[in-house]
Amino acid sequence: KRAGANYPVPFPYSSYKWHVPDRIPMWQRRNVVAAFVALCNLHAAALEIRTHAFDEQGEGNLYEDSRWWNEDLAHAVVATKDTVGGAAQLAKIHAGILGQAVSQGFLGSAAKLRDGDFHGALEAASGAVTQAQVESDKASRSFRSSVPRLLAVIMLIVCIGLLWGLESLLSPLSCSQDSLGSAALGSQSELQKVGDFHHFPALGTLRFLLSVMVLLFNFYPWTVQAVQSRKAGILSVFSSWGVLAAPMFFTLSGFCQSYAKTVGSKAQLEEDFISAVVVRIMAWYPYYAISLIFLATYFFSYSAWDWSSFTAQFFLISGAFESRKVTFPYLPCSWWFSLLAVYTLGWYPMHTVLKGSVNSVIWTMFTVATTVVIPSVLLEYLFLSEEPLFQMIQYSPSYFFGQALAVWQVKHCMLMQVQTGQSGSPSSQLLTLQPVGEMPFSARFGVTTSCLILGLVMIFISPFDELPVIRKPCASIFTKGLLLPVFGLHIVGLCNEADPLARLAARPVVNWAGKLSLSMFLLALPMHVAVRETLGFDGFTWTFLASLLAMSAAGYFLIEVPSRRFAHFLAVFMNQKAQK
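Report follows, based on the coordinates. All chains use their own residue numbering, which begins from 1 and follows the written sequence. Residue-level local features of this predicted model are given only where pLDDT is at least 70; pairs of side-chain atoms are given and counted only at 80 or more, and the full residue set underlies all totals for whole chains, interfaces and linings. Heavy atoms from the whole structure form the basis of all side-chain values; hydrogens and water molecules are not counted.

Let's talk about the overall build of the chain
Now for step 1: To qualify as a helix, a DSSP run of H or I must reach at least 4 residues; to qualify as a strand, a run of E must reach at least 2; elements of each kind are numbered from the N terminus. Helix and strand content of the chain: 27 helices and 2 strands.
Now for step 2: Looking at the chain residue by residue over its 580 residues, the buried ones come to 44%.
Now for step 3: Long-range contacts, defined as pairs at least 24 residues apart, comprise 77% of the intrachain contacts of the chain with a sequence gap of at least 6.
Now for step 4: Every accessible area reported is derived by Shrake-Rupley at a probe size of 1.4 Å, with residue values counting cover from the shown protein chains alone. Accessible area of the chain: about 30,600 Å², with a carbon and sulfur share of 67%. Burial here depends on accessible area, computed with a 1.4 Å probe over protein chains only, as a share of the maximum for the residue type. Under 20% is buried, over 50% is exposed, and the range in between is partly exposed. For this analysis, residues touch if any pair of their heavy atoms sits within 4.5 Å.

Structure representation (structure tokens):
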């Protein structure tokens with residue numbers, strides 16, 4: 001086995017083999033349709049017998065309606081009581097396990113630290129967490145599957161309620177600080193706030209969460225079999241849904257690029273097709289290229305095929321020609337950048353069409369981008385499951401959905417303010433957010449609504465569950481367009497900061513983590529290798545996480561900030577050259 005083949009953890013579909021023939025014969029497709037029709041007929045016949053069948057004496061139905069209703073109601077009440085009681089008992093067990101793990105980890109780490117053994121303290125804390133997770137999973141498996149799910153739903157609602165309460169406690173403090181600051185700075189501060197509205201700090205928190213999802217998906221020790229059999233823990237289930245990070249990443253990229261061009265600092269810069277593509281790619285490409293070169297040097301190979309794969313990734317063409325399996329130099333999810341580069345080619349013409357369009361055109365884009373998932377997934381299941389070019393086309397609606405969402409945000413959630421000069425004539429126009437009471441419901445409570453929907457999807461559905469009749473995993477439906485309206489709710493809610501969760505995500509402490517998102521994405525594998533080689537910690541450890549955060553902060557200031565400054569300089573230079 002060649003070096004580095006186990007890093008990162010392969011994409012689940014590469015290790016979870018579905019028996020899918022290259023091309024299903026026509027007679028097999030007809031048999032599937034015939035079987036489905038027969039199944040529907042049998043179901044209809046059963047309903048007909050249950051509802052309208054009569055006995056030999058012709059007196060009433062075979063089973064009286066009252067008997068059916070009473071038995072069903074009694075079973076439902078008993079099942080509900082058992083489920084609620086089991087959820088309460090399971091919550092007590094989890095609380096006891098958590099308390100025992102905290103006490104054991106604290107006492108063990110303190111004893112090791114008194115002896116001066118820092119390495120042993122980390123191992124004691126990690127061992128307590130691991131033991132608690134094993135006991136928690138064992139306790140969950142001892143109950144029926146409905147009990148852990150009900151407990152997870154309750155925990156989801158309670159967590160959202162706690163976050164709402166935390167924001168309500170922090171809001172009076174921030175309001176008092178803002179009032180003092182505005183009294184000291186005067187009207188100049190207000191103008192500065194209006195001019196800075198094109199920056200959405202809460203979106204930085206979303207980027208950080210996407211990076212965490214990718215990190216857990218690739219490095220956390222979860223298995224497909226445990227997730228599919230409902231025997232996995234909460235963190236394993238959340239890690240398995242890292243497949244949603246890709247479409248949300250493309251939606252967020254399309255939104256940010258179009259929104260920044262509409263009301264941001266780049267709004268006044270004249271761009272053509274070439275400059276629009278070059279400037280947006282150069283904002284992240286140097287960091288991406290450095291990570292690829294480092295991994296190619298570490299996992300050095302003498303295979304010509306490996307270096308051809310490296311060349312394709314380096315020049316951002318691997319997404320259209322290579323499969324989604326892990327290839328040399330093993331950068332996790334490197335195909336995201338290749339697809340983003342291709343979608344950026346279509347950003348300029350699509351933005352030109354959407355920026356002056358009416359609501360009907362925007363909603364047509366929303367509808368098409370969401371409903372195209374049905375024919376797209378059917379083609380994938382039947383014919384084109386292993387075609388990289390077709391998969392690139394499948395993810396493109398997410399990017400263009402984000403572009404349309406940015407135009408909708410400007411039209412429905414922002415107001416134009418005109419600043420006057422000293423002579424009283426208009427000097428400039430600035431966009432500011434509407435009052436909260438005038439915003440649509442999707443803008444005021446979009447984050448809470450989307451978190452509830454996504455949480456329920458993760459609790460009750462596994463990305464590896466098979467669809468009925470088709471017998472294919474359902475992950476493609478969720479990643480290729482079905483959840484785009486939910487992603488849109490989440491992004492719009494974060495932008496307007498009317499939702500309590502959005503205001504909490506926009507806090508400076510939380511928002512600063514968003515600056516580390518690109519560094520965490522690109523440095524995850526290099527830091528995993530460095531920690532394993534230098535400190536001897538292998539796997540998903542606290543040492544790995546702490547080292548990754550530290551290096552991500554350093555990479556942000558040393559690589560990402562200069563890259564973005566260079567991209568801005570390049571945009572200004574190309575604009576000046578175009579005006580001459």
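What about the environment of Phe238?
Now for step 1: Turning to its location among the elements, Phe238 is positioned in helix H9 (residues 234-240).
Now for step 2: In this structure Phe238 comes out as partly exposed when scored by relative accessible area, which is 30%.
Now for step 3: Separated by 11 residues in sequence, Phe238 and Val227 have C-alpha atoms that sit 9.6 Å apart.
Now for step 4: Setting aside residues up to four positions removed in sequence, Phe238 forms contacts with Met213, Leu216 and Met458.

A closer look at the environment of Tyr348
Now for step 1: Summarising the element assignment, Tyr348 is placed in helix H16 (residues 347-354).
Now for step 2: Under the relative-accessibility criterion, Tyr348 is labelled partly exposed at 28%.
Now for step 3: For the pair Tyr348 and Ala276, spaced 72 residues apart in sequence, the C-alpha to C-alpha distance is 6.6 Å.
Now for step 4: When near neighbours in sequence (up to four residues on either side) are disregarded, Tyr348 contacts Glu271, Asp272, Phe273 and Ala276.

So, the pattern of salt bridges
Now for step 1: For this document, the term salt bridge refers to a Lys or Arg side-chain nitrogen within 4 Å of an Asp or Glu carboxyl oxygen. According to the stated counting rule, one finds 6 salt bridges in the structure shown.
Now for step 2: Of the charged contacts in the structure, one is a salt bridge between Arg507 and Glu167, with a shortest N-O distance of 2.9 Å. In this pair, Arg507 sits in the loop between helix H24 (500-505) and helix H25 (508-512) while Glu167 sits in helix H5 (residues 146-185), placing the two residues 340 residues apart along the sequence.
Now for step 3: Notably, a salt bridge pairs Glu380 with Lys480, separated by 3.1 Å at the nearest N-O pair. In this pair, Glu380 is assigned in helix H18 (residues 373-382) and Lys480 in helix H22 (residues 475-482), connecting sequence segments 100 residues apart. Per residue, the accessibility class of Glu380 equals that of Lys480, and both read buried.
Now for step 4: Via salt bridges that share partners, Glu167, Arg503 and Arg507 belong to a single interconnected network.

Side note on the packing of aromatic side chains
Now for step 1: Aromatic pairing here means that ring centres of Phe, Tyr or Trp (its six-membered ring) are within 6.5 Å. Orientation follows from the plane angle: under 30 degrees is stacked, over 60 is edge-to-face, and everything else is tilted. For the coordinates displayed, the defined rule picks out 42 aromatic pairs.
Now for step 2: Geometrically, the ring pair formed by Tyr399 and Phe400 is edge-to-face, given 5.7 Å between the ring centres and 80° between the ring planes.
Now for step 3: In this scheme, the term charge over a ring applies when either NZ of a lysine or CZ of an arginine sits within 6 Å of the ring centre and within 35 degrees of the ring normal. Stacked on the ring of Trp347, the Lys or Arg Arg280 has its end atom at 3.8 Å from the ring centre.

Focus: the side chain of Glu560
Now for step 1: By secondary structure assignment, the location of Glu560 is in helix H27 (residues 542-579).
Now for step 2: By relative accessible area, Glu560 is classed as buried at 5%.
Now for step 3: Not counting residues up to four positions away in its chain, the partners in contact with Glu560 are Tyr287, Lys515, Leu518, Ser519 and Gly555.

Considering helix H26 (residues 517-534)
Now for step 1: For H26, with 18 residues, the first-to-last C-alpha span of 24 Å sits near the 26 Å given by 1.5 Å per residue.
Now for step 2: Where burial is concerned, most of H26 is hidden: 14 out of the 18 residues are buried. Expected span of a helix, by definition, is 1.5 Å for each gap between consecutive residues, and there is one gap fewer than residues.

Quick look at the side chain of Thr541
Now for step 1: By secondary structure assignment, the location of Thr541 is in the loop between H26 and H27.
Now for step 2: Of the polar contacts made by the side chain of Thr541, one reaches the backbone nitrogen of Phe544; its length is 3.2 Å. Polar contact criterion, stated in full: a pair of N or O atoms within 3.5 Å, where within protein one must be able to donate a hydrogen and the other to accept it, and residues adjacent in sequence count only if both atoms are side-chain atoms.

A word on the nonpolar core
Now for step 1: Buried Ala, Val, Leu, Ile, Met, Phe, Trp, Tyr and Cys residues that are joined via side-chain atoms within 4.5 Å together make up what is termed a nonpolar core. Residues Leu244, Phe250, Phe255, Trp284, Tyr288 and Trp336 are the most contacted members of the largest nonpolar core, which totals 119 residues.
Now for step 2: Top contributing element to this core by residue count: helix H19 (residues 388-413), with 12 residues.
Now for step 3: Contacts of Trp284, omitting those with residues within four sequence positions, involve Leu316, Phe337, Leu340 and Leu518.

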